[in-house]
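As a plain string of letters, each chain reads:
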Amino acid sequence: MPSELDALLSDLPAEEVTGLQNAWAVSDQAREPVAQSTLDAVWANIEAELDNPEATQKDAGPTAKIHTLNPAAQLIPMRWMAVAATILLGAVAAAFLLNPVRVTAPLGEVAVVQLQDGSTVELNSGATLQYPRFFMGSRRVSLTGEAFFDVEKDTKPFIVETFNASVQVLGTTFNVRAWEEGLDAETRVALATGKVALAGEESAETIQLVPGQTGVVRANTLEASQADTVQVRRAQAWRSGHFFFSDAGLGSILDDVARRFDTTITLQPENLRTRRMKLAIEQPASAEAIVKDIVLTLGLQYRQVNGGYEIYASN
Amino acid sequence: MEGSMGENVKPVNRFKVWASQLRDSDRGAYAAVFQDMSAQLVRYAKTITRDEASACDVIQDVFLKLWEIRERIKPESSLHALLYTMTRNAAINMNRKRAPMVYQQADGEDVFDQALAGKSTASDAVLEANRLAARLHAWIDELPERRREAFVLSRHHDLSHKEISNIMGLSERTVNTHIFLALKHLRSRLDALQNDNITL
């Protein structure tokens, strides 16, 4: 025991002193080890920063980018991009009038698409929307990934097709999430306002959703939740730069993070992808901020690897 | 049951040499200081930030700062103590800056709270409950913040009470009291454990 305590101990009964000495001795075992690999990673960052400060500034790119996901700052430039895209289209329109348009939101960014009928579609990072330049008959678009639709009222039905489902509406606002790859391969529609009909590609059945309801199409099932406007708001959390998953596989979550921040995240071992978790993070500043939260919650470790992150199980 | 000799011997001379080499911008000495101190500084930062990833960020910042100020390191002051002080300040700053990570919504559902609860190390501690080290961790965690910090610096960093008082900006008397009360707390936990006839 430290000699500084001698004075305090001198008045105590011998038994008490022995007890404290024992506590001192035993508590040595609570030293926490720090993995050498962790320290190596820190050192690598330090050396990189000292040797090439500009390069590491550039590495901070995704962090800078995410601020643009704040909708107030983001949507205006995005509209300008839409305008720019429109002007560009004008120049080459004649040749391609009848070809459908494909728009993909770049990784690390969201994009807004204005359709000819006045409807708007906000695409989450990496999502692709394909639509005809002019709607004739029905208004039919197809979506890969996640998007929020604000559909103008019209007598012509508006139909969103995904890899396994179709959503038919007249005029409404709703969120569609339809990533085909991975364990959560499903089309998930969260209805904010209006009315939609949801049908699985392989079933004759159709369900009607009312505001607040979430409908999900998986391999062979078609189901709708109880009306819950909170869930619908959460489904749109990405539009404000938040991350919200109420119960999702780690794999799907990390795919989302990777798309949003334009980075790569690998899991070691791979079967960690099936771990389910809840995650709610308010406007995370970087992919690393989310990765940190995840490893902390699940008791895992992570390290930086070239241009991305690796999450791994300790021991 | 003292720590190993290597950890108990205060390598004052080595630090003096490193300090003067650092003033001459010696990257080798810089690497040697990192190799020598990074593990324990990460551990110390972690007692304040409570998670290792943030603690690593803190240490990265501390070492970058150290390189920035290398020419102004005073020969007569201790580099060893300087690193502890810098680590403490950086870790406390990080806690201040850190935005609340989990967002609350007016609807009062507790999913967010659950997400928060998932971050607690309590569940890990329960899993390892049979191991004394895990119990000790939990007991040390029960201590009030500054008492925990003072105790960890004393027990796991082998610092004198005078050094701790300098780093934490407390009087030596207060440090004595913190360490004494921390030991009493651990002792009472150990007694309770033994009275329950649980083998350690």
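What you see is a predicted model; the values in this text were computed from it and never measured. (Residues numbered from 1 in each chain as written. Chains lettered and ligands numbered in written order. Predicted model: local features only at pLDDT ≥ 70, side-chain atom pairs only at ≥ 80, totals over all residues. Heavy atoms only, no water.)

Caption draft 1: Focus on the overall build of chain B. Regarding its fold elements, chain B presents 11 helices and zero strands. Residues classed as buried in chain B amount to 46% of the 200 residues present. Long-range contacts, defined as pairs at least 24 residues apart, comprise 62% of the intrachain contacts of chain B with a sequence gap of at least 6. Here chain B has roughly 10100 Å² of accessible surface; of this, 51% comes from carbon and sulfur atoms. (Helix = DSSP H or I, 4+ residues; strand = E, 2+ residues; numbered from the N terminus. Buried < 20%, exposed > 50% of the residue type's maximum accessible area, 1.4 Å probe, protein only. Contact = heavy atoms within 4.5 Å. Areas by Shrake-Rupley, 256 points an atom, 1.4 Å probe, with all protein chains shown as cover.)

Caption draft 2: Examining the interface of chain A and chain B more closely. Each partner contributes residues to the interface: chain A has 51 residues there, and chain B has 57 residues. Both sides of the chain A and chain B interface together cover about 5300 Å² of buried area, and 63% of this is carbon and sulfur. Here chain A and chain B share five salt bridges between them. For the pair chain A and chain B, the number of links is seven residue pairs in polar contact (both at pLDDT 80 or more). Broken down by secondary-structure element, the contributors of at least two residues to the side of chain A that touches chain B are α1 (6-9), α2 (14-26), α3 (36-51), α7 (229-235), β16 (276-281), α9 (287-298) and β17 (301-305) of chain A. When residues of the side of chain A that touches chain B are assigned to their parent elements, the largest contribution, 10 residues, is made by α3 of chain A. By residue class, the composition of the side of chain A that touches chain B is 26 nonpolar, 10 polar and 15 charged. (Buried area = accessible area lost by both parts, 1.4 Å probe. Salt bridge = Lys/Arg side-chain N within 4 Å of Asp/Glu carboxyl O. Polar contact = N/O pair within 3.5 Å; in protein donor to acceptor, adjacent residues only side chain to side chain. Nonpolar A, V, L, I, M, F, W, Y, C, P; charged D, E, K, R; others polar.)

Caption draft 3: Quick look at unusual backbone geometry. Residue proline 269 of chain A is bonded to the preceding glutamine 268 of chain A through a cis peptide linkage, with omega at 0°. Within the fold, proline 269 of chain A resides in the loop between β15 (264-268) and β16. Non-glycine residue serine 25 of chain B carries a positive phi angle of around 60°. With respect to the element layout, serine 25 of chain B can be found in the loop between α2 (12-23) and α3 (27-49). On the accessibility criterion, serine 25 of chain B (29% relative accessible area) is partly exposed. Not every positive phi belongs to a glycine, and arginine 50 of chain B is a case in point at roughly 75°. Relative to the helices and strands, arginine 50 of chain B is located in the loop between α3 and α4 (52-68).

Caption draft 4: Geometry of the pattern of salt bridges. Residue and element names in this part refer to chain A. The full count for this structure, using the stated rule, is 22 salt bridges over all chains. Among the ionic pairs, arginine 139 bridges to aspartate 117, the shortest N-O distance being 2.5 Å. With a gap of 22 residues between them, arginine 139 in strand β5 (residues 139-150) and aspartate 117 in the loop between β2 (111-114) and β3 (120-123) connect regions that are remote in the sequence. Here arginine 139 falls in the buried class, since its relative accessible area comes to 1%. We classify aspartate 117 as buried; its relative accessible area is 19%. Salt bridges sharing partners connect three or more residues here, namely Glu146, Arg177, Asp256 and Arg259.

Caption draft 5: Geometry of the sheet that holds strand β18 (residues 308-312) of chain A. Residues and elements named next belong to chain A. Read across the open sheet, the three strands follow the order β15-β18-β17; overall the sheet is mixed. What marks the edges here is a single partner per strand, and that holds for β15 and β17. Adjacent strand axes in the sheet meet at a mean angle of 20° when their direction is disregarded. When β15 meets β18, the two strands line up parallel, connected through five bridges. Within the sheet, the bridge partner assigned to leucine 267 lies in β18 and is isoleucine 311. Where α9 meets the sheet, it contacts β15, β17 and β18, and its direction lies at approximately 155° from that of β17. (Pairing = 2+ DSSP bridges. Axes fitted to C-alpha atoms, helices over the stretch in contact; angles between N-to-C directions.)

Purely spatial values, then, with no claim about function.
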